[in-house]
Amino acid sequence: MSVITSFRRMVTCVFVLGIALATSNTFAKPTLSNTLAISAAFEFTSLDPSKNGYIYSRMQVLETLLDVDENGLLIPALATQWQVSKDAKTWTFTLREGVHFHDGSGLDAEAVVNSLAITKLKHGALKKAPIESIEVAGPNSIVITLSHPYTLLGAVLANYANSILSPLAYGKGGEVLALSGTGPYKLYQFSPPHKLVVEKFDGYWGKLASIPYASYLTGHRAESRVLQARSGQADVVFGLDPASLMSLKRLPSLTLYSNAIPRTIVLKLNSGHRFLNDVRARKALSLAINREGIAKGILRIPGSEAVQVLPNSMANWHLEGVTKQTEAAAGTPESLLAELGWSKNAEGILERNGERFELTLITYADRPELTTVATAIQAQWQAVGVKTKVEVTNSSAIPMGHQDGSLEVALIARNYGFIVDPLGVMLSDFGSNGGGDWGAMNWNNNSLSANLQALERTSDPIKYKDIAQRSAKIIFDERPMIPVSSYVQQTSVNKRIKGFRFDPFERSFYLNEMEFVKP
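Residues numbered from 1 in each chain as written. Predicted model: local features only at pLDDT ≥ 70, side-chain atom pairs only at ≥ 80, totals over all residues. Heavy atoms only, no water.

With an unreviewed UniProt entry as reference, the protein is termed ABC transporter substrate-binding protein, source organism Marinomonas primoryensis.

What follows is the structure, encoded as C-alpha cells:
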C-alpha cells in the first residue's frame, strides 16, 4: 500500500489551489437554459463511491481504471493497457497520461495506488478480491499481485465503487471528504439525498462537455417523474411507469426509449421457510405465474417474460433451449402441491395439517412496475390456493429481512450487470454462505459453490462457459429464485436535447455527448 506523504500533500495542495482558482467559476451559475436536468428514482446519501458511486459514475464525475463497452467487454479508461502474467496472478496496468483530477492535481501511479488501497479497506468487491499487494511500478504504471488467479479482477476494477479519487479527496481515516475525480463533470452542488449538480470540467482528458451544468433530482414517485417529463422540468427521465408510456408518446416534446438491460425481475424466496423448503413448492409457485400476461398486460413489453435468472445477453449463463415448456415437465402447480400434502379448503386456500398456505411478499416503490407485478402474482398464486399478502416498503427492507430471517418472499429487480462479469453477482447471490442479501436465502448447493469457485480461477473461455452453463442449470432446476421478466428501462428525453444514448450497464449518462438543440 502506498500512502501519500504529508510533504507531497502540502505541495500538491499549493499546486491544486492555483489550478482550481484558475479554472473555477467558468460559468456564473446553473440556470434552466444552461443545465441538463435528469430525474430518476434513487437517492444518495454519501460522497463515498463505495456507497453511492453509481450516481457519480453516471453523472460522469468519477472514472475507473477500466471501462465497459455496450457489449460488456472491458475497454481502456484511466488505464490504457493492462497485461496479465502467465500464472494469472500479476496484473500490470499502464496509466493514461495527461489526466488531471478536478482539484487540479495530476493522476499518477502513486495516486491510483493510494485510491485503490483505501477502497480495498471498504465494503465492496475489491475487498473480497484475493489481492496481496497494489504497488507502484513506475510513474504511470501499477502492479496488482493476487494470491491466486482471479479472472474477475478487470470487471471489479471497472465497477463504480472502485473509482479513482485524488489523494486530496480523502481524510486521514480514508473517509471521502471531497469528490475529486477525473470525469468530464465535477461536483458543483451536493444536497443529499435528492439533488446533485455537476459542472463541466474543462481539464478533462477526453471529449469535453458542451452543456455547462447537469442536475440530478431524485423522484421517488413514478407519478412525479412522469409529470417532470410532461412539464419539461426534467430533460431526461429514467424509470418511467409503463402505464404512462402511451400518453407520453403523444407529446411532441418528448422522445421515448425502451432499452433492455441485464436486470431481471425475480422473486427472492426464503428456501428455509417450512412452506418453501421443498423444490416442488418453489417450482409450483413458478409454474403458477403467467409471465406472458405480465409482460404484455402490465409491463407492456411482449416477449420480456423470463424463465431464467440471467438474460440471454449473458450467453455464458443463459441456457439454450430452456423454455416454459421445460419447466412444465415437472408437473402442474396443483399436482406438485398435492404431492406435498396441500389441498384446498372451502375458501379455496391450500391447507396442510390445519395450516393455511399463506405468504407475505414485499417489494418497493422505487421501480414502479414492481408493485403492479406483485399484485398480479398475488392474484395468480391465489388461483392455485396460495394466499399472498403484498407489502410495499423501502428497498432496504430486502437485505434487512434476509439478515434477520423474517423475509418470506420479495419481488426485486436484480442487476446482474452490477459487475460486468455476472460471476461477481452470482458469487454474492449463490455463493457458499447460503445466499446474499439480494440473492438466494437459506439455500446452498455444494456443486454450485464449487463451480463458482472454479470460475474465479478459469481463464479459458470454453471451460468457463461449460462451468457457467452447469451452474445456470442448477439454479434453474432448484429455483432458489424465480425469474419473472427481463428488465426494460423506459426513458423520456426532451427534444431540446440531442445526443442521448443509453448505457445498458447503467454506468454513465454520457452527459458529455449531449447538446442543447439550437433554436
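Read on, since the account is not over.
**Q** Mind showing me how you'd approach the sheet that holds strand β6 (residues 131-138) here?
**A** Paired through backbone hydrogen bonds, the strands of a sheet run either parallel or antiparallel to each other. Strand order across the open sheet formed by 4 strands is β4-β5-β7-β6, with antiparallel pairing between neighbours. In this open sheet, the two edge strands, each paired with only one partner strand, are β4 (79-84) and β6. This sheet shows a mean twist of 20 degrees between the axes of neighbouring strands, independent of strand direction. Relative to strand β7 (residues 141-146), strand β5 (residues 90-95) runs antiparallel, the two being bridged by 5 bridges. If you follow Thr 94 over to β7, its bridge partner there is Ser 141. (Pairing = 2+ DSSP bridges. Helix = DSSP H or I, 4+ residues; strand = E, 2+ residues; numbered from the N terminus. Axes fitted to C-alpha atoms, helices over the stretch in contact; angles between N-to-C directions.)

**Q** Is there a simple way to think about the pattern of salt bridges in this case?
**A** Considering all chains together, one arrives at 21 salt bridges under this definition. With a shortest N-O distance of 2.7 Å, Glu 513 and Arg 501 are connected by a salt bridge. One end of the pair, Glu 513, is in the loop between β20 (497-498) and β21 (515-516); the other, Arg 501, is in the loop between β20 and β21, and 12 residues separate them in sequence. Taking relative accessible area as the criterion, Glu 513 reaches 27% and is therefore assigned partly exposed. Sharing partners across several salt bridges, the network here consists of Asp 278, Arg 280 and Glu 339. (Salt bridge = Lys/Arg side-chain N within 4 Å of Asp/Glu carboxyl O. Buried < 20%, exposed > 50% of the residue type's maximum accessible area, 1.4 Å probe, protein only.)

**Q** What is the right way to look at the packing of aromatic side chains in this model?
**A** Two aromatic rings, taken as a pair, are described by how far apart their centres are and by the angle between their planes. The tally for this structure, following the rule as stated, stands at 15 aromatic pairs. Between Tyr 204 and Trp 205, the aromatic rings sit 5.1 Å apart at their centres with planes inclined by 45 degrees, giving tilted as the arrangement. A relative accessible area of 29% places Trp 205 in the partly exposed class. Taking 6.1 Å as the distance between ring centres and 90 degrees as the angle between the ring planes, the aromatic pair formed by Tyr 364 and Trp 438 counts as edge-to-face. Placement of the pair is Tyr 364 in strand β16 (residues 358-364) and Trp 438 in the loop between α14 (423-430) and α15 (446-456), with a sequence separation of 74 residues. Residue Tyr 364 is classed as buried on the basis of its relative accessible area, which comes to 4%. Grouped by ring-pair contacts, the aromatic residues Phe 238, Tyr 257, Phe 500, Phe 502 and Phe 509 constitute a single cluster. (Phe/Tyr/Trp six-rings, centres within 6.5 Å; stacked < 30°, edge-to-face > 60°.)

**Q** In this structure, what is going on with unusual backbone geometry? I would like to understand it.
**A** The general pattern is negative phi for most residues beyond glycine and trans for most peptide bonds. Geometrically, the link from Pro 192 to Pro 193 is a cis peptide bond, its omega value of 5 degrees lying close to zero. If you check the backbone angles, Asn 353 has positive phi at about 55 degrees while not being a glycine. Relative to the helices and strands, Asn 353 is located in the loop between β14 (350-352) and β15 (355-356). Look at Asn 353 and you get exposed, because its relative accessible area is 79%.

**Q** How should I be thinking about the environment of Val 226 in this particular structure?
**A** Its location among the elements puts Val 226 in helix α6 (residues 222-231). C-alpha of Val 226 to C-alpha of Ser 247: the two residues are 21 residues apart in sequence and 9.9 Å apart in space. Setting aside residues no more than four positions away along its own chain, Val 226 makes contact with Leu 240, Ser 244 and Leu 248. (Contact = heavy atoms within 4.5 Å.)

**Q** Just checking my understanding: could you explain the packing of α14 against α15 for this structure?
**A** The angle between the axes and the distance between the axes are what describe a pair of packed helices. Here α14 crosses α15 at 150 degrees, and the two axes come no closer than 10 Å. The orientation of α14 with respect to α15, classified from their angle, is roughly antiparallel. You can see that α14 and α15 cross each other, and the crossing is left-handed. Counting all contacts with α14, which are made through Leu 423, Met 426, Leu 427 and Phe 430, the residues of α15 involved are Leu 448, Ser 449, Leu 452, Leu 455 and Glu 456. Its residues assigned to classes, the contact of α14 with α15 shows 7 nonpolar, 1 polar and 1 charged. (Parallel < 35°, antiparallel > 145°, perpendicular 65-115°, else oblique. Left-handed = near helix turned anticlockwise from the far one by under 90°. Nonpolar A, V, L, I, M, F, W, Y, C, P; charged D, E, K, R; others polar.)

**Q** Can you help me understand helix α12 (residues 368-383) in this one?
**A** Note: α-helices contain 3.6 residues per turn, so residues at a spacing of three or four share the same orientation. The end-to-end C-alpha distance of α12 is 24 Å, a good match for the 22 Å that 16 residues give at a rise of 1.5 Å each. Of all the residues in α12, the buried ones are Pro 368, Glu 369, Leu 370, Val 373, Ala 374, Ala 376, Ile 377, Gln 380 and Trp 381. Remark: Gly 385 follows α12 within two positions and exhibits a positive phi of approximately 100 degrees. (Expected span 1.5 Å × (residues − 1).)

**Q** Which parts of the structure should I look at to understand the nonpolar core?
**A** For soluble globular proteins, nonpolar side chains are generally found buried alongside one another. In terms of nonpolar packing, the biggest core is built from 136 residues, with Met 59, Leu 65, Leu 267 and Trp 381 touching the most fellow members. Taken domain by domain, this core gets at least three of its residues from each of domain 1 (35-228 + 490-516) and domain 2 (261-488). Leaving out residues up to four positions away in the same chain, Met 59 has contacts with Ile 38, Tyr 185, Leu 196, Val 198, Ala 214, Ser 215, Tyr 216, Phe 509 and Leu 511. (Core = buried A, V, L, I, M, F, W, Y, C linked by side-chain atoms within 4.5 Å. Domains from an automatic or database assignment.)

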